[in-house]
Amino acid sequence: MASLQRSPAVKGSKVLMVGAGGIGCELLKTLALSGFEDIHIIDMDTIEVSNLNRQFLFRQSHVGQSKAKVARDAVLKFRPHISISSYHANVKDPDFNIDFYKQFNVVLNGLDNLDARRHVNRLCLAADIPLVESGTTGFLGQNGVKLWDGYPEVTGLSPLGGTGGFTQLVTSWPLEISRVVTVHVKGKTECYECQPKPTPKTYPVCTITSTPSKFVHCIVWAKDLLFAKLFGDKNQDNDLNVRSSDAASSSQQAEDVFERQNDEGIEEYAKRIYDHVFGYNIEIALSNEETWKNRNKPKPLYSRDVFPEEPSQQNGNMDKNCATEDPLSVSAMTSLGLKNPQDIWSLLENSRIFVEAIKLFFGKREKEIGNLSFDKDDQLAVEFVTAAANTRAASFGIPLHSLFEAKGIAGNIVHAVATTNAVIAGLIVIEAIKVLQGDANNYRMTYCLEHPSRKMLLMPVEPFEPNKSCYVCSETPLSLEVNTHRAKLRDLVEKIVKAKLGMNFPVIILGQALLYEVGDDLDKHMTAIYAANLEKVLSELPSPITGGTVLKVEDLQQEFSCNINIKHREEFDEEKEPDGMLLLGWTQTPRVEKDDNKAVGNGGSSTSNASPAMLVEAEEDGDIEIVPAGKKRKLGEISKATANPELSDVADGTKNDQKREVLDDDDGVVVMLDGENLDINKKKKLL
């Protein structure tokens, strides 16, 4: 450590950290203790109570304050002589432009969402600045290095989890690996966007409202439909009733039932809601016999059958919540004397929590009703959603879950721990030091193994080559299937350019015609023209967008552009293609047959293409499947498999098994991975 602190490359470097959360706190501490003396931090978030169990730079008194500022102040207490600058801001703000990035020697990411990661990736590409990307998925982690034009960058995989960097429901990666770290050099190694990132899982409305088969379906129903209907905007379109022949009358009744009558007691109202959503609606669903021919029928639940005949005051005691001043701390569990969030409540307990939560919302937080949206840090909201989801699950024969589990699903949380964050932060700093010292030959992606083998927890491998179909770093054109006679320019901008391509300030050009632009420097006349264009059908624009035309889409802030080939298509499946358009051409690297004696190009393999070249596919029934997508692309020469004939024979008869074998030898570790689409006849020794 002392030698690192005296290193001119470390002492003289200027580092930008993006994110001061789970990984960010550990990273800032490690940077400061490793001799870095000029650190800048960007984070737009404020500290929440749920952060305190793993983000050790923060304390209870810091709740509500800027993460970046508090982290800076905490580290300066034990490293007062270094320079740390904090920015409580969004990394996508215009102030953080190309010129801002060019002042740094390396950028280190600790972000928790795909959009910001893509934004930083593009700015670092444009500025030719190394980027170190990282993330953790629960107890597992990843880190890696990316390089552009001779600069390495540490990168992470697609964001697939929750706390500390990921926001989706996931299962473990195959090969017992959670995530991968990649090394990127422009033209030689892949960038963060070389592989398509999984999009958030969506579910058909009919599955959520009528035929749930997974607990997550019940959570979506409770959070996005029932909670929103009871406590959110009353005017929003929200169908809590099954699609049946009686849907019209059911919908009319639903409009009335969710309104509390003037002379109606809160508990009476809560039980009426209970009877409607868990009893009446289920009976309506059962009336469609065709639906249940191949499914287990749900059981209608009514309060008279669930609740014992007890005095109403035993249902809860709101006085127990009187001591709290924070509305987010009001708790139905406290009222009912339930303490352990990891207990699985019985149907009766869930039903009591449901009623008690409604009583507390109307009794303690009535002014908020009509403006509430679900917040994972709102204790009462989490309790209500858990109870509602479990009661619905009981009706449909789905296993019940604890509040702890339900909160993780509803809040898209994969629970992280400080030890994982600390490991990843250490790996980031190691790779950052390699970058600053120009030690390109030793850049590594690091796999964190879920089940360590031969006492090996971390598996470093060499970086991947670029995906030649990447529209970001390889500038490969995309294709868009769209009904040009029906879709509007607004649909293209919102659903594709912003949502899919991650552009913040898009410019759309067709030939010499500028169809759309945003910016503060536009005059009112041009702003009005572009606003009018947004509402026009594509084929009716001043310069019509039709099948066969090629659009150029740019983001001047990111200094990024790509071409989109338009293909007219008449019809789309509303369930499978809800956007009414389909973006194509953004695919994983295809499998390429290669001569083992030649250098590996795009498609070669020596070990598994475990993470960057994998897609997470969500099945219709809600399961999540990890699908291998082609061979691993290796940088440099592949060691000849014939060096050890015994190892080269491993593939025989094991083509369809996804497994990993690690063998020790005197020179290092030989990592062998095989799978359905993986070339396992080649190995690479990692020193």
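Here, every reference points to the structure presented above.
Given the structure is predicted, the values throughout are model-derived calculations rather than measurements.

Criteria and cut-off values
Residues numbered from 1 in each chain as written. Predicted model: local features only at pLDDT ≥ 70, side-chain atom pairs only at ≥ 80, totals over all residues. Heavy atoms only, no water. Axes fitted to C-alpha atoms, helices over the stretch in contact; angles between N-to-C directions. Helix = DSSP H or I, 4+ residues; strand = E, 2+ residues; numbered from the N terminus. Parallel < 35°, antiparallel > 145°, perpendicular 65-115°, else oblique. Left-handed = near helix turned anticlockwise from the far one by under 90°. Contact = heavy atoms within 4.5 Å. Salt bridge = Lys/Arg side-chain N within 4 Å of Asp/Glu carboxyl O. Buried < 20%, exposed > 50% of the residue type's maximum accessible area, 1.4 Å probe, protein only. Pairing = 2+ DSSP bridges. Polar contact = N/O pair within 3.5 Å; in protein donor to acceptor, adjacent residues only side chain to side chain. Core = buried A, V, L, I, M, F, W, Y, C linked by side-chain atoms within 4.5 Å. Phe/Tyr/Trp six-rings, centres within 6.5 Å; stacked < 30°, edge-to-face > 60°. Nonpolar A, V, L, I, M, F, W, Y, C, P; charged D, E, K, R; others polar. Expected span 1.5 Å × (residues − 1). Bend = angle between axes of the 7 residues up to and from the residue.

**Q** Quick rundown of the packing of helix α10 (residues 266-286) against helix α14 (residues 379-395)? Include the residues and the values.
**A** One can describe the packing of α10 onto α14 by two numbers: an axis separation of 11 Å at closest approach and a directional angle of 25 degrees. Taken together, the axes of α10 and α14 are roughly parallel relative to one another. The chirality of how α10 crosses α14 is right-handed. Only A388, T391, R392 and S395 of α14 make contact with α10, whose side of the interface consists of Y274, F278 and I282.

**Q** Lay out the pattern of salt bridges with the relevant residues and their values.
**A** Evaluated as defined, the whole model comprises 21 salt bridges. Here R122 and E193 are joined by a salt bridge, their closest N and O atoms 2.8 Å apart. With R122 in helix α6 (residues 114-127) and E193 in the loop between β10 (182-183) and α7 (205-209), this pair connects stretches of sequence that are 71 residues apart. This pair shows no difference in class: R122 is buried, exactly as E193 is. Note that E535 and R490 form a salt bridge whose closest N and O atoms lie 2.4 Å from each other. Of this pair, E535 sits in the loop between α18 (524-534) and β16 (550-555) while R490 sits in helix α17 (residues 489-498), and the two are 45 residues apart along the sequence. Take E535: its relative accessible area is 39%, and that puts it in the partly exposed class. Three or more residues joined by partner-sharing salt bridges are found here, namely E267, K271, E356 and K359.

**Q** So what's going on with the environment of E356? Residues and values would help.
**A** Positionally, E356 belongs in helix α13 (residues 347-364). Residue E356 is classed as buried on the basis of its relative accessible area of 0%. As a C-alpha pair, E356 and E267 span 89 residues in sequence and 7.9 Å in three-dimensional space.

**Q** An account of the sheet that holds strand β14 (residues 506-510) is requested, with residue identities and associated values reported.
**A** Across the sheet, six strands lie side by side as β15-β14-β16-β17-β13-β18; this open sheet has mixed pairing. In the strand order of this sheet, the two ends are held by β15 (513-517) and β18 (581-584), each with one partner. Direction aside, neighbouring strands of the sheet carry axes that sit 25 degrees apart on average. Of the strand pairs in this sheet, β14 and β16 are connected by five bridges, and their pairing is antiparallel. For V507, the partnering residue across the bridge sits in β16 and is E554. Relative to β14, α17 is tilted by about 120 degrees, and along the sheet it contacts β13 (478-482), β14, β15, β16 and β18.

**Q** Describe helix α4 (residues 67-76), listing the residues and the values that go with them.
**A** Counting buried residues in α4 gives seven out of 10 residues, a clear majority hidden from the surface. For α4, the set of buried residues is K67, A68, V70, A71, A74, V75 and L76. For α4, the side-chain oxygen to backbone nitrogen distance between the N-cap and A68 is 3.4 Å, and the N-cap itself is S66.

**Q** I'd like a rundown of the nonpolar core, residues and numbers included.
**A** One recurring pattern in soluble globular proteins is that nonpolar side chains are buried together. F231, F354 and F384 are the most contacted members of the largest nonpolar core, which totals 58 residues. Of all the secondary structure elements, the ones that give two or more residues to this core are α8 (215-231), α10, α12 (332-336), α13, α14 and α15 (403-410). With 12 residues, the top contributor of residues to this core is α8. Ignoring sequence-local partners within four residues, the contact set of F354 consists of L226, A270, I273, Y274, F278, F384, A387 and A388.

**Q** Any details on the pairing of strand β17 (residues 560-568)? Residues and values, ideally.
**A** As paired elements, β13 and β17 share five bridges and run parallel to each other. Its bridge partner being in β17, V482 is matched across the sheet by H568. By the bridge criterion, six bridges tie β16 to β17 in an arrangement that is antiparallel. By the bridge assignment for β17, L551 is matched with I564.

**Q** Got a sec to walk through the packing of aromatic side chains? Specific residues and values, please.
**A** One pass over the structure, following the stated rule, counts 21 aromatic pairs. Summarising the aromatic geometry, the rings of W221 and F278 are spaced 5.7 Å apart at their centres and angled 55 degrees between planes, so their arrangement reads as tilted. Highlighted residues: W221 in helix α8 and F278 in helix α10, separated in sequence by 57 residues. W221 gets classed as buried once you look at its relative accessible area, which sits at 1%. Take F278: its relative accessible area is 1%, and that puts it in the buried class. An angle of 70 degrees between the planes, with centres 5.9 Å apart, marks the rings of F227 and F361 as edge-to-face. Residue F227 is located in helix α8, and its partner F361 is located in helix α13; the two are separated by 134 residues in the primary sequence. The class for F227 is buried, based on a relative accessible area of 1%. Classification of F361 by relative accessible area gives buried; the value is 0%. Of the aromatic side chains, those joined through ring pairs into one cluster are W221, F227, F231, Y269, Y274, F278, F307, F354, F361, F362, F374 and F384.

**Q** Please set out the packing of α8 against α10 residue by residue, giving values where relevant.
**A** Where α8 contacts α10, the two axes come as close as 13 Å, and the packing angle between them is 140 degrees. Classified by the angle between their axes, α8 and α10 sit oblique to one another. The handedness of the crossing between α8 and α10 is right-handed. Contacts between α8 and α10 involve W221, L226 and L230 from the former and Y269, I273, V277 and F278 from the latter. Of the residues belonging to the contact of α8 with α10, the class tally is seven nonpolar, no polar and no charged.

**Q** Tell me about α10, and name the residues and values.
**A** In this model α10 runs 29 Å from its N-terminal to its C-terminal C-alpha over 21 residues, within 8% of the 30 Å that 1.5 Å per residue would give. Approximately 35 degrees is the largest bend angle found in α10, and it occurs at H276.

**Q** Could you give an account of unusual backbone geometry, with specific residues and numbers?
**A** At D128, a position not held by glycine, the phi torsion is positive, near 55 degrees. Inspection of the secondary structure assignment puts D128 in the loop between α6 and β5 (131-132). Positive phi, close to 50 degrees, is recorded for E559, a residue that is not glycine.

**Q** Go over the side chain of T549 with me, naming the residues and quoting the values.
**A** Assignment of secondary structure puts T549 in the loop between α18 and β16. A distance of 2.7 Å separates a polar atom in the side chain of T549 from the backbone oxygen of T546. Not counting residues up to four positions away in its chain, the partners in contact with T549 are L510, P544, I564, N565 and I566.

Take it as geometry only, folks, not as evidence of what the structure does.
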